Amino acid sequence: MTTYIAFLRSGPDGACTVSFPDLPGCTVCGANAVLATALAGDELVRYLSVLLSLGEAAPPPTPEAALAQDPLRGDAALLAVDVDLEMLGIAHPLHFHTL
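Residues numbered from 1 in each chain as written. Predicted model: local features only at pLDDT ≥ 70, side-chain atom pairs only at ≥ 80, totals over all residues. Heavy atoms only, no water.

It is worth spelling out the overall build of the protein chain at this point. In terms of regular secondary structure, the protein chain is built from two helices and five strands. With 99 residues in all, the protein chain has 38% of them scored as buried. Across the protein chain, contacts joining residues at least 24 apart in sequence account for 49% of those joining residues at least 6 apart. For the protein chain, the accessible surface area stands at approximately 5,400 Å², while carbon and sulfur atoms represent 61% of it. (Helix = DSSP H or I, 4+ residues; strand = E, 2+ residues; numbered from the N terminus. Buried < 20%, exposed > 50% of the residue type's maximum accessible area, 1.4 Å probe, protein only. Contact = heavy atoms within 4.5 Å. Areas by Shrake-Rupley, 256 points an atom, 1.4 Å probe, with all protein chains shown as cover.)

With that settled, the discussion passes to the side chain of D22. Looking at where D22 falls in the secondary structure, it is placed in the loop between β2 (16-19) and β3 (27-30). A distance of 2.5 Å separates a polar atom in the side chain of D22 from a polar atom in the side chain of T62. (Polar contact = N/O pair within 3.5 Å; in protein donor to acceptor, adjacent residues only side chain to side chain.)

Scanning the entire structure with this criterion turns up one salt bridge. As a salt-bridge pair, R46 and E43 come within 2.4 Å of each other at their nearest N and O atoms. Within this pair, R46 and its partner E43 are both found in helix α1 (residues 33-53), separated by three residues, close to a single helical turn. (Salt bridge = Lys/Arg side-chain N within 4 Å of Asp/Glu carboxyl O.)

Moving on: the nonpolar core. Counting 21 residues, the largest nonpolar core has Y4, V18, F20, L23, L44, L48 and V83 as its most contacted members. Secondary structure elements with two or more residues in this core: β1 (2-10), β2, α1 and β4 (77-83). A total of seven residues in this core trace back to one element, the largest contributor, which is α1. Those residues in contact with L23, other than ones at most four positions away along the chain, are Y4, L44, Y47, L48 and P59. Of all hydrophobic cores here, the second largest spans seven residues; its members include I5, F7, A68 and L78. (Core = buried A, V, L, I, M, F, W, Y, C linked by side-chain atoms within 4.5 Å.)

Moving on: the confidence of the model for the protein chain. Per-residue confidence for the protein chain averages 87 on the pLDDT scale, and 89% of its residues sit at or above 70. Looking across the protein chain, the model is least confident in strand β5 (residues 91-97), with a mean pLDDT of 44, and most confident in β2, with 97. Scored below 50 in pLDDT, residues 91-99 makes 30 contacts in the model with residues more than four places away or belonging to other chains. (pLDDT = per-residue confidence, 0-100.)

Let us now look at the pairing of β4. Looking along a regular strand, one sees the side chains alternate between the two faces of the sheet. With seven of seven residues buried, β4 lies mostly within the body of the structure. By the alternation rule, side chains of β4 split into A77, L79, V81 and V83 and L78, A80 and D82, which are all buried. Two elements, β1 and β4, share seven bridges in a ladder whose sense is antiparallel. Paired with Y4 across the bridge in β4 is V81. (Pairing = 2+ DSSP bridges.)

The next thing to look at is α1. Three or four residues apart is the spacing at which side chains of an α-helix point the same way, because the helix has 3.6 residues per turn. When the terminal C-alpha atoms of α1 are compared, their 30 Å separation across 21 residues agrees well with the 30 Å that a helix rising 1.5 Å per residue should span. If you check which residues of α1 are buried, you get A36, T37, A40, G41, E43, L44, V45, Y47, L48 and L51. The distance from a side-chain oxygen at the start of α1 to the backbone nitrogen of V34 is 3.2 Å, and the residue carrying that oxygen is N32. Of the residues flanking the end of α1, it is G55, one or two places downstream, whose phi is positive at about 85°. (Expected span 1.5 Å × (residues − 1).)

Rendered as structure tokens:
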């Protein structure tokens, strides 16, 4: 199981964006945090599946501690998403929290 950390940002209208700093362009938007979190797991699986189908390796995830200190994080909450790279049909959000 591999854990990728994402940034979860909330807008003034309650809409949220989830982006994975280790995976450029792997970003989703949802009307709220629950929807954006659910979509993030699906998008992670899609992104990694495309990489692997093109013969590319999945990039190693940056540790949570490093991303917690990343200046690009700003005020975003952290979202941890587990994915089984051996069985790429399985991904689920674990939790999100602020540090």
